[in-house]
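The residues making up each chain are set out below.
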Amino acid sequence: GNPELPTAVNITWSSINFKTILQWQPKPSGYFYTVEIHGQATDTKKKCILTAETECDVTDVLRNVKETYTAQILSVPSSGTDNFEEPPFAVSEKFTPYSQTVLGKPEIQNYTQKGSKLNVVFQDPLTPYTFPNGSFQSIRDIFQDDLEYKLYYWKDQSSGKKAATTKSHEFEVSVDSTKNYCFYIQGVIPSRRENRNGQESMVLCTSIGRTILDDYGAEVFIIAAVIAIAIITLAIVLSVILCKRKNAKAVREKESLNGV
């Protein structure tokens, strides 16, 4: 073998919505890497053959998402190897896409607050896998009944969160019709032991007749009052000084007239 060739270390699987990248170190010098993906029931697949990179997109060879895979990262000398010689390699941890891929951010398409109802419509994240007609499968197409979504919502300017759950693409929750609300959505796989919660969507807030007081609270009015008081105080001080100067001038003029 080639015991002097370094083998890969810090091998990690990075997977969001079933797009899966294998990463490792170090950068090769004088040799290349080749990745072999081994499934429990599938043939070994080679990816990123003789690469000088330290990452490899292995999404397309993990299509059977419920299977458990390991990766072998071979260190192959630049001069090539004899057919009989096994290059040194490192082995990754096991990876099962179905139970380990991270759920990406759901996309909020529309939201309304009418009366005492907050309505939020959203879209499933898409995966890189396609149907026979070429359209992309969503995470719901793969997880089906294992997937649900949580809506976290709270009154604007307060911290008390409430939560609602759905298996559809829509939430409708009861709210205080006089208050604005902020919210975000997150995918959840309750059956998982780890990585149950997905990435959080962006936070959005409703705006039913917002005022400056809603946006900035009492601080704006306190600041405005302090500035107003400062201006009034300054005006009084200036007028007193000017008044005193005027009086002093009048006294001096009177004295000079009397002295004549």
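From a predicted model like this one, the values you see are computed outputs, not experimental measurements.

1. What to know about the state of the cysteines
The bond known as a disulfide is covalent and runs between the sulfur atoms of two cysteines. By the definition in use, this model includes 2 disulfides. Covalently, cysteine 48 is tied to cysteine 56 through a disulfide, its sulfur atoms 2.0 Å apart. Across the S-S bond of cysteine 48 and cysteine 56 the torsion is about 95°, and the bridge reads as right-handed. Exposure remark for cysteine 48: the relative accessible area of 26% places this residue in the partly exposed category. Each sulfur of the disulfide joining cysteine 182 and cysteine 205 lies 2.0 Å from the other. Here the disulfide of cysteine 182 and cysteine 205 is right-handed, its torsion about the S-S bond being about 105°. Note that cysteine 182 is positioned in strand β15 (residues 181–188) and cysteine 205 in strand β17 (residues 204–205), a separation of 23 residues in sequence. With a relative accessible area of 4%, cysteine 182 lands in the buried category. With a relative accessible area of 32%, cysteine 205 lands in the partly exposed category. The connectivity of the disulfide bonds within the protein can be written as 1-2, 3-4, using the sequence rank of each bonded cysteine.

2. Some remarks on the sheet that holds strand β6 (residues 69–77)
Strand order in this open sheet of 4 strands is β4-β3-β6-β7, and the pairing throughout is antiparallel. Of all the strands in the sheet, the pair left with one neighbour each is β4 (45–51) and β7 (89–91). Taken over all neighbouring pairs, the strand axes of this sheet differ in orientation by 15° on average, direction set aside. One ladder, built from 3 bridges, connects β6 with β7; its direction is antiparallel. Bridge pairing in β7 links isoleucine 73 to alanine 90.

3. Topic: the nonpolar core
Counting 44 residues, the largest nonpolar core has Trp24, Ile37, Leu62, Leu151 and Tyr153 as the members making the most contacts within it. It is strand β3 (residues 31–39) that provides the largest number of residues to this core, a total of 4 residues. Ignoring any residue separated from it by four or fewer positions in sequence, one finds isoleucine 37 in contact with Trp13, Asp43, Thr44, Lys45, Val58, Val61, Leu62, Tyr69, Thr70 and Ala71.

4. Observations regarding the sheet that holds strand β5 (residues 55–57)
Spatially, β1-β2-β5 is the arrangement adopted by the 3 strands of the open sheet, whose pairing is antiparallel. Of all the strands in the sheet, the pair left with one neighbour each is β1 (9–16) and β5. On average, adjacent strands in this sheet sit at an angle of 15° to one another, irrespective of strand direction.

Procedures and definitions
Numbers given for residues are sequential positions, taken from 1 along each chain in its written order. Only residues with pLDDT of 70 or above have their local features reported here, since the model is predicted, and side-chain atom pairs are shown and tallied only from 80 upward, although totals for entire chains, interfaces and linings are computed over all residues. Side-chain calculation: all heavy atoms of the structure are included, whereas hydrogens and water are not. Criterion for a disulfide: a pair of cysteine sulfur atoms at a distance within 2.5 Å. Relative accessible area decides the class of each residue, using a 1.4 Å probe on protein chains only: under 20% of the type maximum gives buried, over 50% gives exposed, and in between gives partly exposed. The numbering of helices and of strands both runs from the N terminus, where a helix is a DSSP run of H or I of at least 4 residues and a strand a run of E of at least 2. Two strands make a pair as long as DSSP finds a minimum of two bridges between them. Angles shown run from 0 to 180 degrees and are taken between the N-to-C directions of axes, each axis being a line fitted to C-alpha atoms and, for helices, limited to the stretch in contact. Definition of nonpolar core: a set of buried residues of the types Ala, Val, Leu, Ile, Met, Phe, Trp, Tyr and Cys, connected through side-chain atoms within 4.5 Å. Contacts are assigned to residue pairs with any non-hydrogen atoms lying within 4.5 Å of each other.

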